[in-house]
Amino acid sequence: MATEILVNDGGAPARILPFTAAAALSGGHCVEMHTTGKVRHDEGAASKKVVGFAFTDAVADGPCSIITGHGVLLNCAVTGTVTVGGTLEVDAGASARNGVLKAGTTAGAMVAMALETGSGTGIRLVKCLTIDR
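Fair warning: this is a prediction, and the values are worked out from it, not measured in the lab.

For this particular structure, what's the right way to read the sheet that holds strand β4 (residues 39-41)?
The strands that make up a sheet are held in pairs by hydrogen bonds between backbone atoms, and each pair lies either parallel or antiparallel. Strand order in the open sheet made by the 5 strands is β2-β6-β5-β3-β4, with antiparallel pairing throughout. The outermost strands of the open sheet, each flanked by one partner alone, are β2 (15-20) and β4. For this sheet, the mean angle separating the axes of adjacent strands, direction not counted, is 45°. Taken together, the 3 bridges between strand β3 (residues 30-33) and strand β5 (residues 50-54) define a ladder with antiparallel strand orientation. Its bridge partner lying in β5, E32 is registered against V50.

Here is the structure:
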């Protein structure tokens, strides 16, 4: 059974917008606007071009739905140790670069807040609250 990405839009602050994927996308991963006008997995905190989160998986050059807005409850792709209330930013590590979030430490790079605690070495979905950037 698939895990839902959108948990609750908190009274409709979320918008699900249509885009074209620049490359294959995974649901729950953070995406950015590429210079081609298509979206791709966000490549890290330095890019600061976050558009939202992929609602579902998508293929390269195919249509995709992106969830945008703040105050939206989502199951976001994360790695490493996260704690309830902890800030999350895009993992810019050399092996990441796929829109996965990690515990935040960079000023101005926060995209979400963790609503669950957990740890692990792999990518997993964790309930998060999106925030203003």
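In this structure, what is going on with the pattern of salt bridges? I would like to understand it.
Side chains that carry opposite charge are capable of pairing whenever their charged atoms lie near each other. Applying the stated criterion across every chain, the model contains 3 salt bridges. The residue K38 makes a salt bridge to D61 at a minimum N-O spacing of 2.5 Å. One end of the pair, K38, is in the loop between β3 and β4; the other, D61, is in the loop between β5 and β6 (63-68), with 23 residues separating them in the sequence. Overall, K38 belongs to the partly exposed group, its relative accessible area being 27%. D61 gets classed as exposed once you look at its relative accessible area, which sits at 51%.

How should I be thinking about the nonpolar core in this particular structure?
The tendency in soluble globular proteins is for nonpolar side chains to be buried as a group. F53, L74, L88 and L101 are the most contacted members of the largest nonpolar core, which totals 18 residues. Looking at this core, the elements that each hand over two or more residues are β7 (73-78), β8 (87-90), β10 (112-114) and β11 (124-130). Counting residues per element, this core draws most heavily on β7, which supplies 3 residues. Non-local contacts of F53, meaning those with residues more than four positions away in its chain, are made with G28, H29, C30, V31, S65, I66, I67, L74, C76, L101, V111 and T130. If you look at the next biggest cluster of nonpolar residues, it comprises 8 residues, including A21, V31, A54 and C64.

Conventions we followed
Residues numbered from 1 in each chain as written. Predicted model: local features only at pLDDT ≥ 70, side-chain atom pairs only at ≥ 80, totals over all residues. Heavy atoms only, no water. Pairing = 2+ DSSP bridges. Helix = DSSP H or I, 4+ residues; strand = E, 2+ residues; numbered from the N terminus. Axes fitted to C-alpha atoms, helices over the stretch in contact; angles between N-to-C directions. Salt bridge = Lys/Arg side-chain N within 4 Å of Asp/Glu carboxyl O. Buried < 20%, exposed > 50% of the residue type's maximum accessible area, 1.4 Å probe, protein only. Core = buried A, V, L, I, M, F, W, Y, C linked by side-chain atoms within 4.5 Å. Contact = heavy atoms within 4.5 Å.

Spatial relationships are all this shows, so hold off on functional conclusions.
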